[in-house]
Amino acid sequence: MAKAKNNTLKLKFDSARNYAPAPESKSVAKINPRYDLFINGKFEKPLSKKYFATINPATEEKLSEVADANAADVDKAVKAARNAYDKTWKKMPAKERAKYIFRIARIMQERAREFAVIETLDGGKPIRESRDFDVPTAANHFFYYAGWADKLEYAFPNRKAQPLGVAGQIIPWNFPLLMAAWKIAPALATGNTVVLKPAETTPLTALKLAEIIQEADLPPGVVNIITGAGATGAAMVNHPDINKIAFTGSTNVGKIIQKAIAGTGKRATLELGGKAANIIFDDAPLDQAVEGVINGIFFNQGHVCCAGSRLYVQESVAKEVIRKIKDRLETLIVGDPLDKNTDIGAINSKEQLNIINRYLKIGVAEGAEMYQGSGSIPSKGFFCKPTIFTNVAQSNRIAQEEIFGPVLTIQTFRTDDEVIEKANNTPYGLSAGVWTDKGSKIFNLTTKLRAGVIWANTYNQFDPTSPFGGYKESGYGREGGLHGLYPYVRLV
Ligand code: NAI
Ligand code: MG
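Description of the structure in this document.

### As for the site of ligand 1
Part 1 of the reasoning: Inspection of the region around ligand 1 gives 25 residues, with Gly230, Gly233, Gly249, Ser250 and Cys305 positioned closest.
Part 2 of the reasoning: Elements represented by at least two residues in the shell around ligand 1 include exactly α9 (230–237), α10 (251–261) and α13 (350–365).
Part 3 of the reasoning: Element by element, the count of residues in the shell around ligand 1 is highest for α9, at four residues.
Part 4 of the reasoning: Residues that form the shell around ligand 1 fall into these classes: 14 nonpolar, eight polar and three charged.

### Examining the nonpolar core
Part 1 of the reasoning: Formed by 87 residues in total, the largest nonpolar core has its most connected members in Ile101 and Phe142.
Part 2 of the reasoning: Considering each element in turn, this core owes the most residues, eleven residues, to helix α7 (residues 176–189).
Part 3 of the reasoning: Setting aside anything within four residues of it in sequence, one finds Phe142 in contact with Ile101, Ile104, Ala105, Met108, Ala181 and Ala185.

### With respect to the sheet that holds strand β18 (residues 453–456)
Part 1 of the reasoning: With mixed pairing, seven strands are arranged side by side in an open sheet as β14-β15-β16-β13-β12-β17-β18. In this open sheet, the two strands that pair with only one neighbour each are β14 (369–372) and β18. Within this sheet the neighbouring strands show an average axis-to-axis angle of 20°, counted without direction.
Part 2 of the reasoning: Pairing of strand β15 (residues 387–390) with strand β16 (residues 407–413) involves three bridges; the strand directions are parallel. Bridged to Phe389 within β16 is Thr409.
Part 3 of the reasoning: Packed on one face of the sheet, helix α15 (residues 416–424) meets β12 (277–280), β13 (310–314), β16 and β17 (431–435) and runs near 150° to β16.

Cut-offs applied
Residues numbered from 1 in each chain as written. Chains lettered and ligands numbered in written order. Predicted model: local features only at pLDDT ≥ 70, side-chain atom pairs only at ≥ 80, totals over all residues. Near = placed C-beta within 6 Å. Helix = DSSP H or I, 4+ residues; strand = E, 2+ residues; numbered from the N terminus. Nonpolar A, V, L, I, M, F, W, Y, C, P; charged D, E, K, R; others polar. Core = buried A, V, L, I, M, F, W, Y, C linked by C-beta atoms within 7 Å. Buried ≥ 20, exposed ≤ 12 C-beta atoms within 10 Å, placed from the backbone. Contact = placed C-beta atoms within 7 Å. Pairing = 2+ DSSP bridges. Axes fitted to C-alpha atoms, helices over the stretch in contact; angles between N-to-C directions.

Next up, the structure:
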């Protein structure tokens, strides 16, 4: 009986995977064969004279090439930002500044489809996510902070909020446009000017944002966008005329940055890695919780700093929850990121795929049990099957280290105290999820879990009005909301 039931399920899932393709058209995406550096309101050839390619990780095809900024290029961008700060931006009435930020938001909405397609082509994420999450949320951040620009006296009553000067902003490849918006919008609203560097595998939407900035007629130099890899980022961190570094990326680089700026007077916010616990109690609505777990770990291929990568499920419902997760793995469609049916797109780069595959081997060698759905993955491009590990020990590396891929570890617990201890037993502290019917349990856990963001009976909810950031090795400083203004001002 049970067997027959499984077979019907399997049949249904197979047909789900065989949906007719529904690819989004690439025709809206205008990508130049080559991009220079956006400095002082214009695209300028790099002094380095060097360029590097950015590819589509789903096909391994080259999309474009972008400039590789060296220290002299960084210096040129910082000078442009300083000049714009001194001569125009810091003197401009706040309500005028706000108009420019609103304009960026509106143009981004108008060009949303183009941005979504380019984000998906350059980074590999499913078009459904770039279309419904990345681009609209990025536009919302500009709208939200535009609103704050002339209301800072309400944000900081009885204090005067002064800008810091030039902000150097370094962002990762998992949410390229959204991270640019998180960084640029509050900096501009508070009167700072910006030099921003996107990650080397996903520079294109930031360069498209440069086109919006031109179209919005921002005074030249207020936002400068330069491309390059780690060396370019390091040149920004070490530049003496940058007042603030805002970084999102790996904990390792975060530590390097912190050492480099010690004693310089530069301010910093560091948004680093995570290893979030997603906790299911036996009184939780289990189907809803399983959806939350699937979304928590497989959203954006698991390339999410706040991904729910460690599942803790109460022992009495563990068997049922694991079966439901395995069933759900069968329905996930891994494939062409431009296809609107796709749930899991391409891994962002070959390097990242190698990291993930290494962790899969480590997990097996540590004695955990690996399980993957029966669906196939494309042979070309960088893809990884959604994977779960059971029989995991708290000390296993797969349960301790950030994998940054579609890989979930599953452990069980019996009591509240036990799960709090296990959840907190990590060097990270960015986010967590709690699934239970009892409000009192939610409050108990949210006060005891050491994580910056805790979701209850939901996961991965983001809003520009809500602050985001971590504890411990997940970094410090908050982005979003009123809290997100603070790192960009000096209060007098
Ligand atoms: P990464 O931290 O090296 O890259 C992030 C950004 O920092 C990029 O723009 C990069 O060019 C820049 N960068 C690199 N070295 C730098 C330096 N010395 N000084 C200044 N800027 C520098 O991250 P990577 O190597 O791409 O990914 C490796 C691992 O990091 C991932 O497997 C994942 O675990 C973690 N990661 C976490 C992110 C998060 O949001 N928490 C985002 C990206 C990566
Ligand atoms: Mg790329």
